[in-house]
Amino acid sequence: MAQISWEDPFCAEGNNCFRIGTDGQGNAYIAVAGAEDAYVTDTREALRTLIREIKAGKADHLLQEGHHA
């Protein structure tokens with residue numbers, strides 16, 4: 001099993017908190033705080049791309065009030 005180094009949770013008041021982690025083999029992990037054993041994983045490059053795309057505003061529509069997938 002991978003030794004995951006988890007970052008502090010990213011939280012909003014009254015909501016679940018997300019955590020991002022990495023391991024020594026170049027993998028990245030995203031989980032809900034308290035449920036780190038049920039993570040989503042991909043490469044660090046995939047995480048880098050996700051963060052860049054979010055910073056570029058490509059997920060802003062998900063934050064709009066009343067948005068449903």
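First things first, this report covers the structure right here in the doc. (Residues numbered from 1 in each chain as written. Predicted model: local features only at pLDDT ≥ 70, side-chain atom pairs only at ≥ 80, totals over all residues. Heavy atoms only, no water.)

Remarks on the state of the cysteines
Then step 1. Under the definition given, this model contains one disulfide.
Then step 2. What pairs with C11 in a disulfide is C17, and their sulfur atoms sit 1.9 Å apart. As the torsion about the S-S bond is roughly 115°, the C11-C17 disulfide counts as right-handed.
Then step 3. Given the relative accessible area of 17%, C17 is considered buried. (Disulfide = S-S within 2.5 Å. Buried < 20%, exposed > 50% of the residue type's maximum accessible area, 1.4 Å probe, protein only.)

Quick word on a nonpolar patch on the surface
Then step 1. Taken together, the side chains of F10, F18 and V32 present a nonpolar region at the surface, about 300 Å² in accessible area.
Then step 2. By the secondary structure assignment, F10 is in the loop between strand 1 (5-6) and strand 2 (18-22). (Patch = residues over 30% accessible without salt bridge, like charges linked within 9 Å, V, L, I, M, F, W, Y side chains within 5 Å. Areas by Shrake-Rupley, 256 points an atom, 1.4 Å probe, with all protein chains shown as cover. Salt bridge = Lys/Arg side-chain N within 4 Å of Asp/Glu carboxyl O. Helix = DSSP H or I, 4+ residues; strand = E, 2+ residues; numbered from the N terminus.)

Considering the sheet that holds strand 1
Then step 1. The sheet built from four strands is open, its strands ordered 1-2-3-4 with antiparallel pairing. Only two strands of the sheet have a single neighbouring strand rather than two, namely strand 1 and strand 4 (40-43).
Then step 2. With respect to the sheet, helix 1 (residues 44-55) is in contact with strand 2, strand 3 (27-32) and strand 4, its orientation differing from that of strand 4 by roughly 100°. (Pairing = 2+ DSSP bridges. Contact = heavy atoms within 4.5 Å. Axes fitted to C-alpha atoms, helices over the stretch in contact; angles between N-to-C directions.)

Observations concerning helix 1
Then step 1. The end-to-end C-alpha distance of helix 1, which contains 12 residues, comes to 16 Å, matching closely the 16 Å that a straight helix rising 1.5 Å per residue would cover.
Then step 2. Backbone geometry just after helix 1 places G57 at a positive phi near 90°. (Expected span 1.5 Å × (residues − 1).)

Quick notes on the pattern of salt bridges
Then step 1. Applying the stated rule across the entire model yields four salt bridges.
Then step 2. One salt bridge in this structure joins E45 and R48, with 2.7 Å as the shortest N-O distance. Here E45 and its partner R48 are both found in helix 1, three residues apart, which amounts to about one turn of the helix.
Then step 3. Judged by its relative accessible area of 41%, E45 falls in the partly exposed class.
Then step 4. On the accessibility criterion, R48 (40% relative accessible area) is partly exposed.
Then step 5. In this structure, E53 engages K58 in a salt bridge whose closest nitrogen and oxygen atoms are separated by 3.0 Å.
Then step 6. A relative accessible area of 32% means that E53 is categorised as partly exposed.
Then step 7. The network of salt bridges with shared partners includes E45, R48 and R52.

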